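Spelled out from the first residue to the last, the chains are:
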Amino acid sequence: KCKPAQNIVKGAETSANAISTNRGKAYAKISERVQALIDKLKAANIDTTELEAAHQTAKTKAEALSASMKAYEQTLADLRGMDCVTDPTGFAATLETARTQREAIKTQANDLRTYISTTLKAAIQKVKAALEAQKPES
């Protein structure tokens, strides 16, 4: 019964690795673009305190998600390497750990996605409005 589960774990591990890589690239790109915007706004003498705080919080959440994904990937690798026939209790416990980690990752990913689309986006809109208000004065 446990051997087919190890094949499923192998598929989940491959999927988790791909998702982790893709999310990492996406969040890095978002972070780079926000940082570039912050630099431009500072050059235009616009207060970026709120945007910088939102950006830092998003980076912290992304780093926490990345760490959770790495831990999950390691748990899956451990599961795949276990001999589930000789240690079914350990295999079941590790499998339950992986399930718990996966749920935590889902929660963290949704939290980060919501934060980016609400708080970070609102901070960007606020500084863009300040930039627009400054243009007519120039």
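Residues numbered from 1 in each chain as written. Predicted model: local features only at pLDDT ≥ 70, side-chain atom pairs only at ≥ 80, totals over all residues. Heavy atoms only, no water.

A. Main features of helix H3 (residues 88-134). Here H3 spans 67 Å end to end across 47 residues, near enough to the 69 Å set by a 1.5 Å rise per residue. Of all bends in H3, the biggest is about 35°, found at isoleucine 116. (Helix = DSSP H or I, 4+ residues; strand = E, 2+ residues; numbered from the N terminus. Expected span 1.5 Å × (residues − 1). Bend = angle between axes of the 7 residues up to and from the residue.)

B. Just the nonpolar core, in detail. By size, the foremost hydrophobic cluster in this structure holds 30 residues, and its most contacted members are Leu51, Leu65, Leu76, Leu79 and Leu120. Looking at this core, the elements with two or more residues in it are helix H1 (2-43), helix H2 (49-81) and H3. A per-element tally of this core places H3 first, with 12 residues. Leaving out residues up to four positions away in the same chain, leucine 51 has contacts with Val34, Leu37, Ile38, Leu41, Leu120, Ala123, Ile124 and Val127. (Core = buried A, V, L, I, M, F, W, Y, C linked by side-chain atoms within 4.5 Å. Buried < 20%, exposed > 50% of the residue type's maximum accessible area, 1.4 Å probe, protein only. Contact = heavy atoms within 4.5 Å.)

C. Just the pattern of salt bridges, in detail. All told, the structure shown has 7 salt bridges when counted by the stated rule. Note that glutamate 13 and arginine 80 form a salt bridge whose closest N and O atoms lie 2.4 Å from each other. Of this pair, glutamate 13 sits in helix H1 while arginine 80 sits in helix H2, and the two are 67 residues apart along the sequence. Here glutamate 103 makes a salt bridge to arginine 102, at a shortest N to O gap of 4.0 Å. The class for glutamate 103 is partly exposed, based on a relative accessible area of 39%. If you follow the salt bridges from partner to partner, you end up with Arg102, Glu103 and Lys106 in one network. (Salt bridge = Lys/Arg side-chain N within 4 Å of Asp/Glu carboxyl O.)

D. Fine view of the packing of H2 against H3. Relative orientation of the contacting elements H2 and H3 amounts to 165°, with a least axis distance of 9 Å. If you check the angle between H2 and H3, you find them roughly antiparallel. As H2 packs across H3, the resulting crossing turns out to be left-handed. Taken together, the residues of the contact of H2 with H3 sort by class into 24 nonpolar, 9 polar and 5 charged. (Axes fitted to C-alpha atoms, helices over the stretch in contact; angles between N-to-C directions. Parallel < 35°, antiparallel > 145°, perpendicular 65-115°, else oblique. Left-handed = near helix turned anticlockwise from the far one by under 90°. Nonpolar A, V, L, I, M, F, W, Y, C, P; charged D, E, K, R; others polar.)

E. Broad picture of H1. Between its first and last C-alpha atoms H1 spans 60 Å; for 42 residues at 1.5 Å apiece the expected length is 62 Å, and the two agree. By the burial criterion, the buried members of H1 are Cys2, Gln6, Val9, Glu13, Ala16, Ser20, Tyr27, Ser31, Val34, Ile38 and Leu41. Contact partners of the buried residues in H1: H2 and H3. Of the residues one or two after H1, asparagine 45 is the one with positive phi, at around 60°.

Read these as spatial facts, not as claims about activity.
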